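# Chains, contacts and geometry: an overview
Below are the chains, spelled out letter by letter.
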Amino acid sequence: MKAKEITVGYTYTKNLGNFENVKVDAAVTISVEPGQDIDALYDKAYESMKKQVKNGLNKFTEVRY
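Residues numbered from 1 in each chain as written. Predicted model: local features only at pLDDT ≥ 70, side-chain atom pairs only at ≥ 80, totals over all residues. Heavy atoms only, no water.

### A word on the overall build of the protein chain
Along the protein chain, the regular secondary structure elements total one helix and two strands. For 65 residues, the compact-globule estimate of 2.2 N^0.38 gives 11 Å, and the C-alpha radius of gyration of the protein chain, at 15 Å, exceeds that figure by more than 25%. Viewed in the frame of its principal axes, the protein chain has a C-alpha envelope of about 50 × 20 × 15 Å. Looking at the protein chain residue by residue over its 65 residues, the buried ones come to 20%. Once local pairs closer than 6 in sequence are excluded, the contacts in the protein chain between residues at least 24 apart make up 53%. Roughly 5300 Å² of accessible area belongs to the protein chain as shown, and the carbon and sulfur atoms make up 49% of that amount. The distance from the centre of the 10 positive side-chain charges to the centre of the 9 negative ones in the protein chain is 4 Å. (Helix = DSSP H or I, 4+ residues; strand = E, 2+ residues; numbered from the N terminus. Rg over C-alpha atoms; globule rule 2.2 N^0.38 Å. Buried < 20%, exposed > 50% of the residue type's maximum accessible area, 1.4 Å probe, protein only. Contact = heavy atoms within 4.5 Å. Areas by Shrake-Rupley, 256 points an atom, 1.4 Å probe, with all protein chains shown as cover. Lys, Arg positive; Asp, Glu negative; His and termini not counted. Charge placed at Lys NZ, Arg CZ, Asp CG, Glu CD.)

Here it is, written out as structure tokens:
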């Protein structure tokens, strides 16, 4: 399969208690160059999106409390 782009997203929903939730998501679309390993691109992008979501949760916690 030849892909020109891949899109990777990650979403996390945290229960704040008292019937409140916060949902943080991050996504990226990457252009695939000829010869690049798509699985490696997915893995790298997935880890990066997890990190972005973690940063978002940390910022929300800092602002909220």
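Read on, since the account is not over.
### A closer look at the packing of aromatic side chains
Taken as a whole and judged by the stated rule, the model has one aromatic pair. Each ring, one from Y10 and one from Y46, has its centre 5.4 Å from the other, and the planes form 80 degrees; the classification is edge-to-face. Here Y10, found in strand β1 (residues 5-17), pairs with Y46, found in helix α1 (residues 38-64); they are 36 residues apart in sequence, far enough to count as distant. (Phe/Tyr/Trp six-rings, centres within 6.5 Å; stacked < 30°, edge-to-face > 60°.)

### A word on the pairing of β1
Note that β1 and strand β2 (residues 20-31) share 12 bridges and pair antiparallel. Bridged to T13 within β2 is K23. The loop that links β1 with its antiparallel partner β2 comprises two residues; one of these, N18, has a positive phi angle of about 55 degrees. (Pairing = 2+ DSSP bridges.)

### Section: the environment of K59
Residue position: K59 is located in helix α1. Linking K59 and D43, residues 16 residues apart in sequence, is a C-alpha distance of 25 Å.

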